[in-house]
Amino acid sequence: MKYLSANEQYKQRFGRKMYKASVSLDVTCPNRDGKKGYGGCIFCSAGGSGEFSSSASKCITDQINDAIALVSRKAGKDAGYIAYFQSFTNTYCPADHLRCALEEAADHPDVYALSVATRPDCLPDEMISMLSEMNEKIPVYIELGLQTSSDETGELINRCYRTEEFRDAVSRLRDKGIYTIAHVICGLPGEGEKEFLDTVRYAAHSGVDGIKFTCLYVLRGTKLEEMYDRGQISLLSMEGYFDIIEKALAVIPENVAVHRLTGDGPKKLLIAPMWTADKRRVINYINRRFG
Ligand code: SF4
């Protein structure tokens, strides 16, 4: 099945293969500290979805060097890197705090772009102005955790913001020429194929430049684990998941890049489904089915 991959979109924009270098900023999330909620989204681990980045106690340059060292042999010397502020809510801080970190990342000689993961309800005007200034110096991507377009499911997963805030954030970022990427999850509690495809249609037609899919997986220490133990959720098989993803790809406009067909949680925390941890098997399957 033909779709625009992130690699193709990066090639058009940067003229080279791009890799992510994950870094952590010393921030938390309004879903955890009580501003919006406690305990976080039901699927989110204590590390705030940033287990692949190094410690926020290191400076940004050292974190980028660590991340590059992990992939540089595979990436080769012509690769470019995107400094990816991955864990928690990276705009949940004063704009100047994030600006300092972004400037340090942008100064790294191998960094060609910045990517910032956040929530749509944590983008006040001052933050968007700062991101826009940065975007004039170096391309900035904002990754927004939508997960679902249903406010009902949003409540069930303790997302603590309304779906319309997502569209508003995308439009304000787009007005400044900042690329946006939506994160969506397939298999959320109470949702089936129809609800997921509704989410994909909603996200893909909201003005985003890219979309990231992941299959719901259960991590140790999360609310989702408690629901899983009580038998309240069912999880998708690999084939069942990709059957739905194939339908999702068919509803995405051709200018929206697919940044990920599925995600994998940290192995040491993963409880189920175990196929999501078998990277080689998943990649082989994706290549056979979608390659
Ligand atoms: S908003 Fe993001 S970081 Fe915060 S709890 Fe939800 S998934 Fe985790």
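Preceding this section is the structure that the text describes.
Reading the values: rules and limits
- Every chain is numbered independently, its residues counted from 1 as its sequence is written.
- The predicted nature of this model means local features are confined to residues of pLDDT at least 70 and side-chain atom pairs, given and counted, to a pLDDT of 80 or more, with totals for whole chains, interfaces and linings taken over all residues.
- Note that water and hydrogens are dropped before the side-chain values are worked out from all heavy atoms of the structure.
- Secondary structure elements are taken from DSSP: a helix is a run of H or I of four residues or more, a strand is a run of E of two residues or more, and numbering for both begins at the N terminus.
- Radius of gyration here uses only the C-alpha atoms, and the compact-globule reference equals 2.2 Å multiplied by the residue count raised to the power 0.38.
- Throughout, exposure labels follow a simple rule: accessible area from a 1.4 Å probe, protein chains only, divided by the maximum for the residue type, with under 20% read as buried, over 50% as exposed, and the rest as partly exposed.
- Between two residues, a contact is recorded if the distance between any of their heavy atoms is within 4.5 Å.
- Only the protein chains shown count as cover for residues, and the accessible areas themselves come from Shrake-Rupley with a 1.4 Å probe.
- When charges are counted, neither His nor the chain ends are considered; positive counts come from Lys and Arg and negative counts from Asp and Glu.
- Here the site of a charge means atom NZ of a Lys, CZ of an Arg, CG of an Asp or CD of a Glu.
- Paired strands, in this sense, are two strands between which DSSP finds at least two bridges.
- Convention adopted: a line fitted to C-alpha atoms gives each axis, helices being fitted over their contacting stretch, and angles between N-to-C directions are expressed from 0 to 180 degrees.
- Buried Ala, Val, Leu, Ile, Met, Phe, Trp, Tyr and Cys residues form a nonpolar core when they are joined through side-chain atoms within 4.5 Å.
- Handedness of a crossover is defined as follows: orient the strands so they point away from the viewer, and if the path from the first strand over the helix to the second runs clockwise, the crossover is right-handed.
- Pairing of aromatic side chains requires ring centres within 6.5 Å, counting the rings of Phe and Tyr and the six-membered ring of Trp. Pairs whose planes differ by under 30 degrees are stacked, by over 60 edge-to-face, and all others tilted.
- Whether a charge lies above a ring is judged from NZ of Lys or CZ of Arg, which has to be within 6 Å of the ring centre and within 35 degrees of the ring normal.
- Salt bridges are counted wherever a side-chain nitrogen of Lys or Arg sits within 4 Å of a carboxyl oxygen of Asp or Glu.
- Proximity is defined per residue: if any heavy atom of the residue lies within 4 Å of a molecule or strand, that residue is considered near it.
- All residues other than Ala, Val, Leu, Ile, Met, Phe, Trp, Tyr, Cys, Pro, Asp, Glu, Lys and Arg, Gly among them, are scored as polar; the first ten of these are nonpolar and the last four charged.

Comments concerning the overall build of the protein
- In terms of regular secondary structure, the protein is built from 10 helices and 9 strands.
- On C-alpha atoms alone, the protein measures out to a radius of gyration of 18 Å, which is about the 19 Å that the 2.2 N^0.38 rule sets for 291 residues.
- Projected onto its principal axes, the C-alpha positions of the protein cover 50 × 45 × 35 Å.
- For the protein, the residues scored as buried account for 55% of the 291 residues in total.
- Nonlocal contacts in the protein, meaning residues at least 24 apart in sequence, comprise 81% of its contacts between residues at least 6 apart.
- In the structure as shown, the protein presents an accessible area of about 13200 Å², 48% of it carried by carbon and sulfur atoms.
- Looking at the protein, you have 37 positive and 39 negative side-chain charges, and the mean spots of the two groups are 6 Å apart.

What about the sheet that holds strand β5 (residues 179-186)?
- Here 7 strands make up an open sheet; going across it, the order is β1-β2-β3-β4-β5-β6-β8 and the pairing parallel. The open sheet has two edge strands, β1 (18-23) and β8 (257-260), and neither has a second partner. Taking each pair of neighbouring strands and ignoring which way they run, the sheet shows an average axis angle of 30 degrees.
- Pairing between β5 and strand β6 (residues 210-215): 6 bridges, direction parallel. Across the sheet, the residue bridging to H183 is K212, located in β6.
- Packing against the sheet, helix α2 (residues 60-75) makes contact with β1, β2 (80-85) and β3 (111-118), and its axis sits at approximately 145 degrees to β1.

Overview of the nonpolar core
- By size, the foremost hydrophobic cluster in this structure holds 69 residues, and its most contacted members are L131, F213 and F242.
- Here this core takes 7 residues from helix α9 (residues 238-249), the largest share from any one element.
- C41, F43, C44 and I185 belong to the second-largest nonpolar core, a separate cluster that totals 12 residues.

Thoughts on the pairing of β2
- Counting buried positions along β2 yields 6 of 6 residues, so the element is predominantly enclosed.
- Of the two faces of β2, the one carrying G80, I82 and Y84 and the one carrying Y81, A83 and F85 are both buried.
- Where β1 lies against β2, 6 bridges are found, and the strand directions are parallel. Directly across from S22, in β2, lies its bridge partner Y84.
- Chirality of the crossover, the property in question, places the unit of β2, helix α3 (residues 95-107) and β3 among those that are right-handed.

So, the packing of aromatic side chains
- With the rule as written, the count across this model stands at 11 aromatic pairs.
- For the pair F242 and F290, a centre-to-centre distance of 5.9 Å together with 55 degrees between the ring planes defines the contact as tilted. Separated by 48 residues along the polypeptide, F242 in helix α9 and F290 in helix α10 (residues 279-290) bring together distant segments of the chain.
- Accessibility expressed as a relative area gives 5% for F290, which makes it buried.
- A network of ring pairs unites the aromatic residues Y241, F242, W275, Y285 and F290 as a single cluster.
- Over the face of the ring belonging to Y84 we find K20, whose NZ or CZ atom lies 4.0 Å from the ring centre.
- The aromatic ring of Y161 is capped on one face by R159, whose charged end is 4.3 Å from the ring centroid.

Considerations on the pattern of salt bridges
- With the rule as written, the count across this model stands at 20 salt bridges.
- In this structure, K2 engages E8 in a salt bridge whose closest nitrogen and oxygen atoms are separated by 3.7 Å.
- For R159, the salt bridge is made with D151, and the minimal N-O distance between the two is 3.2 Å.
- Using a relative accessible area of 39% as the deciding quantity, one classes D151 as partly exposed.
- Sharing partners across several salt bridges, the network here consists of K20, E143 and K212.

Digging into the site of the ligand
- C29, R32, G40, C41, F43, C44, F88 and R119 make up every residue found near the ligand.
- Looking at the shell around the ligand residue by residue, the classes come out as 5 nonpolar, 1 polar and 2 charged.

These figures capture arrangement, not role.
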